[in-house]
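Analysis of the macromolecular model
Chain by chain, the residues run as shown.
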Amino acid sequence: MSSPNIYGLIGWPLGHSLSGKMHNAAFKALGINAEYKLLPLMPQYFDDFLTNLYNSGISGLNVTVPYKEKVLDLVELDTESLYLRQVKAVNTMVLSEGVWWGFNTDIPGFSRHLKENFKPWKKKIAILGAGGAARAVAYVLAKEKSAQISIFDIDKTKSAGIVEMINSLFPQFEIRAVDSVEKLEIKDKDLLVNATPIGLKSADPVLIKEEMLHKDLFVYDLIYNPAETKLLALAKKAGASTSNGLGMLLYQGMLSFEIWTGKKAPEEIMRKALLE
Ligand code: NAP
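Right, let's walk through the structure included here.

The rules we used
Residues numbered from 1 in each chain as written. Predicted model: local features only at pLDDT ≥ 70, side-chain atom pairs only at ≥ 80, totals over all residues. Heavy atoms only, no water. Axes fitted to C-alpha atoms, helices over the stretch in contact; angles between N-to-C directions. Helix = DSSP H or I, 4+ residues; strand = E, 2+ residues; numbered from the N terminus. Parallel < 35°, antiparallel > 145°, perpendicular 65-115°, else oblique. Left-handed = near helix turned anticlockwise from the far one by under 90°. Contact = heavy atoms within 4.5 Å. Phe/Tyr/Trp six-rings, centres within 6.5 Å; stacked < 30°, edge-to-face > 60°. Buried < 20%, exposed > 50% of the residue type's maximum accessible area, 1.4 Å probe, protein only. Lys NZ or Arg CZ within 6 Å of the ring centre and 35° of its normal. Near = heavy atom within 4 Å. Polar contact = N/O pair within 3.5 Å; in protein donor to acceptor, adjacent residues only side chain to side chain. Areas by Shrake-Rupley, 256 points an atom, 1.4 Å probe, with all protein chains shown as cover. Right-handed = clockwise from strand over helix to strand, strands pointing away. Pairing = 2+ DSSP bridges. Salt bridge = Lys/Arg side-chain N within 4 Å of Asp/Glu carboxyl O.

In this section: the packing of helix H4 (residues 106-117) against helix H5 (residues 132-143). Look at H4 against H5: their axes get within 9 Å of each other, and the N-to-C directions meet at 60°. In this view, H4 runs oblique relative to H5, as classed from their interaxial angle. In this structure, H4 meets H5 at a crossing whose hand is right-handed. Seen from H4, the contacting residues are Asp-106, Ile-107, Phe-110, Ser-111 and Leu-114; seen from H5, they are Ala-136, Val-137, Tyr-139, Val-140 and Leu-141.

This part is about the packing of aromatic side chains. Scanning the model with the defined rule gives 9 aromatic pairs in all. Their ring planes at 45° and their centres at 5.9 Å tell us that Tyr-36 and Trp-260 sit as a pair that is tilted. Within this pair, whereas Tyr-36 is found in strand E2 (residues 34-40), its partner Trp-260 is found in helix H8 (residues 246-261), the two being separated by 224 residues in sequence. With a relative accessible area of 7%, Trp-260 lands in the buried category. Judged by centre distance (5.2 Å) and plane angle (85°), the ring pair of Phe-110 and Tyr-220 falls under edge-to-face. Of the two residues, Phe-110 is situated in helix H4 and Tyr-220 in strand E10 (residues 218-221); the sequence distance between them amounts to 110 residues. Grouping residues by exposure puts Phe-110 and Tyr-220 together as buried. By way of ring pairs, the aromatic residues Tyr-7, Phe-27, Tyr-36, Phe-257 and Trp-260 are connected into one cluster. In this structure, Arg-112 is placed above the aromatic ring of Tyr-251, and the distance from its NZ or CZ to the ring centre is 3.7 Å.

Right, let's get into the site of the ligand. Among the 24 residues in the neighbourhood of the ligand, the closest are listed as Ala-133, Asp-153, Lys-158, Leu-222 and Gly-245. Residue Ala-133 places a main-chain N or O atom 2.7 Å away from an oxygen atom belonging to the ligand. The separation between a nitrogen atom of the ligand and a polar main-chain atom of Gly-245 is 2.9 Å. For the ligand, whose unbound accessible area comes to 910 Å², protein coverage reaches 79%. Of all the secondary-structure elements, those providing two or more residues to the shell around the ligand are H5 and H8.

We now examine unusual backbone geometry. Along the chain, Trp-12 connects to Pro-13 via a cis peptide bond; the corresponding omega equals -10°. Take Pro-13: it is sitting in the loop between strand E1 (5-11) and helix H1 (19-29). With an omega dihedral of 5°, the bond running from Val-65 to Pro-66 counts as a cis peptide bond. Note that Pro-66 resides in the loop between strand E3 (58-63) and helix H3 (84-87). Positive phi outside glycine occurs at Glu-97, with the angle close to 45°.

Quick look at the pairing of E1 now. Burial of E1 is extensive: 6 of the 7 residues sit out of reach of the surface. One crossover worth recording links E1 to the parallel E2 by way of H1, and it is right-handed. Relative to E3, E1 runs parallel, the two being bridged by 5 bridges. Counterpart to Ile-10 in the pairing with E3 is Val-63.

Moving on: the side chain of Thr-92. Topologically, Thr-92 is positioned in strand E4 (residues 92-96). Judged by relative accessible area, which is 0%, Thr-92 ranks as buried. At a separation of 2.8 Å, a polar atom in the side chain of Thr-92 contacts the side chain of Ser-256. Residues in contact with Thr-92, not counting those within four places in the same chain, are Leu-61, Asn-62, Trp-101, Gly-102, Phe-103, Thr-105, Ser-256, Ile-259 and Trp-260.

On to the pattern of salt bridges. With the rule as written, the count across this model stands at 14 salt bridges. In this structure, Glu-185 and Arg-176 form a salt bridge, with 3.5 Å as the shortest nitrogen-oxygen distance. For Glu-185, a relative accessible area of 42% translates into the label partly exposed. Of the charged contacts, one joins Glu-210 and Lys-237 as a salt bridge, the two residues approaching to 3.1 Å between their closest N and O atoms. Residue Glu-210 is found in the loop between strand E9 (191-194) and E10, and its partner Lys-237 is found in helix H7 (residues 230-237); the two are separated by 27 residues along the sequence. Since its relative accessible area comes to 59%, Lys-237 is described here as exposed. Sharing partners across several salt bridges, the network here consists of Arg-112, Glu-116, Glu-267, Glu-268 and Arg-271.

Counting through the fold element by element, Tyr-54 comes out in the loop between helix H2 (46-52) and E3. On the accessibility criterion, Tyr-54 (38% relative accessible area) is partly exposed. Residues Tyr-54 and Trp-100, 46 residues apart in the sequence, show an inter-C-alpha distance of 8.3 Å. Residue contacts for Tyr-54: discarding those within four places in its chain leaves Leu-74, Leu-95, Gly-98, Val-99 and Trp-100.

Honestly, that's just the spatial picture; any functional story needs more than this.
The following block contains the structure:
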């Protein structure tokens, strides 16, 4: 048998990732001779990695922190993906006829999963965190014509960067960066999204106080492992509706799989692999 096509995830540090399980199960189910590997890449080796990428034998990549913006220098964007120059986040790359193409599947992945649970149209939104994932989240919520977004990140330059991105892509949209969790005014919001990594570790604090939450709030935590973060537990206690990010992970993964293979992703196989 010929050697398998290699796909993988680049990032640093690469903690616990479920993407390998999901993609390898899908390759197997469809009889595709391919393998998905975790490719931890220290920042000092990033330039060399890009230089050698054309001869590396790698057919496709997922990209995570801290490289989602950096890979924009390498990839071509098709006409439908040109907006990623402003979003500044590519999470999927594919080598096609000698050219590396870039995509963002977090955006449609989050959009699909959120809308299965919550209709963002005309709703008021609070976002915690302003990194790569928050950029995708803010893009979706502005595109879906939510009423307004307030965003908080400990790094003010990052939240200001999101405001700038949304202002350039959706000039009429109301978005503001705030400098504390209190100023998110969650009591007055319909949706709270956690796009920080706070909650991944059991020792992590909860960024929100219980009295900020309310029963008409939907709380979406992008974290999927643990399945119930302290934030989600607190939200449930306050009577709010909740979702973790497993559905987003599944849907973005299915779209990456389809970009790489040109085949319909086996949803149930991939979902089962994630849940296992
Ligand atoms: P990122 O680029 O590192 O962004 C996280 C942001 O949160 C950073 O700007 C960080 O600021 C900020 N932050 C950290 N602690 C904070 C605090 N206490 N208060 C306010 N802001 C804080 O990471 P990312 O790629 O956007 O990912 C964020 C989370 O989403 C991660 O947990 C990731 O696993 C999850 N995610 C899930 C999916 C999915 O499919 N479900 C997809 C993508 C990401 P500093 O940089 O200054 O620390």
